[in-house]
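Structural features, examined
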Amino acid sequence: MTKPKDTTANPALAAAQPMMEWWQKQFSQGATPMARMQLAWMQSMADAMQFEAEFLKALAESGQKISQSFEGEPPHTPAEMQERYQQLIKEVTDAQMERMQKAAELSHDFRKRLWEEI
């Protein structure tokens, strides 16, 4: 801890010392909640970026599967082709629904984190 300054030589500093101590205490207490709220916001943004990365991964895997289906044995009938496309569309749709569900939960989690900090 630092030693308090000798204010006996200047009576104005001695009179202002309690006010400065009070102000420093209030200032340090005010900055902490704002930093915690910013941390909560950054955690929510990191979660959102993670969800988006998972969705992009699902899209990439879907594209990879469709390209692999043409490299191997190609579909012989339109029904086979439709079945492959339907399966890929289902996977992408499921990934999109999961993405939307996580986004809705993220909004709720973010509000909860903010209220905890407030």
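Higher on the page you've got the structure.
Report on the accompanying structure. (Residues numbered from 1 in each chain as written. Predicted model: local features only at pLDDT ≥ 70, side-chain atom pairs only at ≥ 80, totals over all residues. Heavy atoms only, no water.)

1. Focus on the overall build of the protein
The helix and strand inventory of the protein stands at 2 helices and 0 strands. Long-range pairs, those at least 24 residues apart, make up 65% of the contacts in the protein between residues at least 6 apart in sequence. As displayed, the protein offers around 9,800 Å² of accessible surface, 62% of which is attributable to carbon and sulfur atoms. (Helix = DSSP H or I, 4+ residues; strand = E, 2+ residues; numbered from the N terminus. Contact = heavy atoms within 4.5 Å. Areas by Shrake-Rupley, 256 points an atom, 1.4 Å probe, with all protein chains shown as cover.)

2. Considering a nonpolar patch on the surface
Judged by side-chain polarity, Met19, Met20, Trp22 and Trp23 come together as a nonpolar surface patch covering roughly 490 Å² of accessible area. Structurally, Met19 is set in helix α1 (residues 11-71). (Patch = residues over 30% accessible without salt bridge, like charges linked within 9 Å, V, L, I, M, F, W, Y side chains within 5 Å. Salt bridge = Lys/Arg side-chain N within 4 Å of Asp/Glu carboxyl O.)

3. Digging into the packing of aromatic side chains
One pass over the structure, following the stated rule, counts 0 aromatic pairs. One cation-aromatic arrangement involves Arg99 over Phe55; the distance from NZ or CZ to the ring centre is 4.4 Å. (Phe/Tyr/Trp six-rings, centres within 6.5 Å; stacked < 30°, edge-to-face > 60°. Lys NZ or Arg CZ within 6 Å of the ring centre and 35° of its normal.)

4. Section: the pattern of salt bridges
Taken as a whole and assessed by the stated rule, the structure comprises 6 salt bridges. With its nearest N and O atoms 3.9 Å apart, the salt bridge here joins Lys57 to Glu61. One end of the pair, Lys57, and the other, Glu61, are both in helix α1, 4 residues apart, so they sit about a helical turn from each other. For Lys57, a relative accessible area of 52% corresponds to the exposed category. (Buried < 20%, exposed > 50% of the residue type's maximum accessible area, 1.4 Å probe, protein only.)

5. Considering the side chain of Ser44
Residue position: Ser44 is located in helix α1. Residues contacting Ser44, with those up to four places away along its chain left out, are Leu106, Phe110 and Arg113.

6. Details of the environment of Gln96
Structurally, Gln96 can be placed in helix α2 (residues 78-117). Its relative accessible area of 27% is what places Gln96 among the partly exposed residues. Placed 37 residues apart in sequence, Gln96 and Leu59 show a C-alpha to C-alpha distance of 9.5 Å. In terms of polar contacts, Gln96 uses its side chain to reach the side chain of Arg99, at 2.9 Å. (Polar contact = N/O pair within 3.5 Å; in protein donor to acceptor, adjacent residues only side chain to side chain.)

7. Some words on the environment of Met42
Within the secondary structure layout, Met42 lies in helix α1. Separated by 68 residues in sequence, Met42 and Phe110 place their C-alpha atoms 9.8 Å apart.

8. Some thoughts on the environment of Arg36
Among the secondary structure elements, Arg36 is positioned in helix α1. Looking at Arg36, the relative accessible area reads 38%, which means it is partly exposed. Along the sequence, Arg36 and Leu114 sit 78 residues apart, while their C-alpha atoms lie 8.6 Å from each other.

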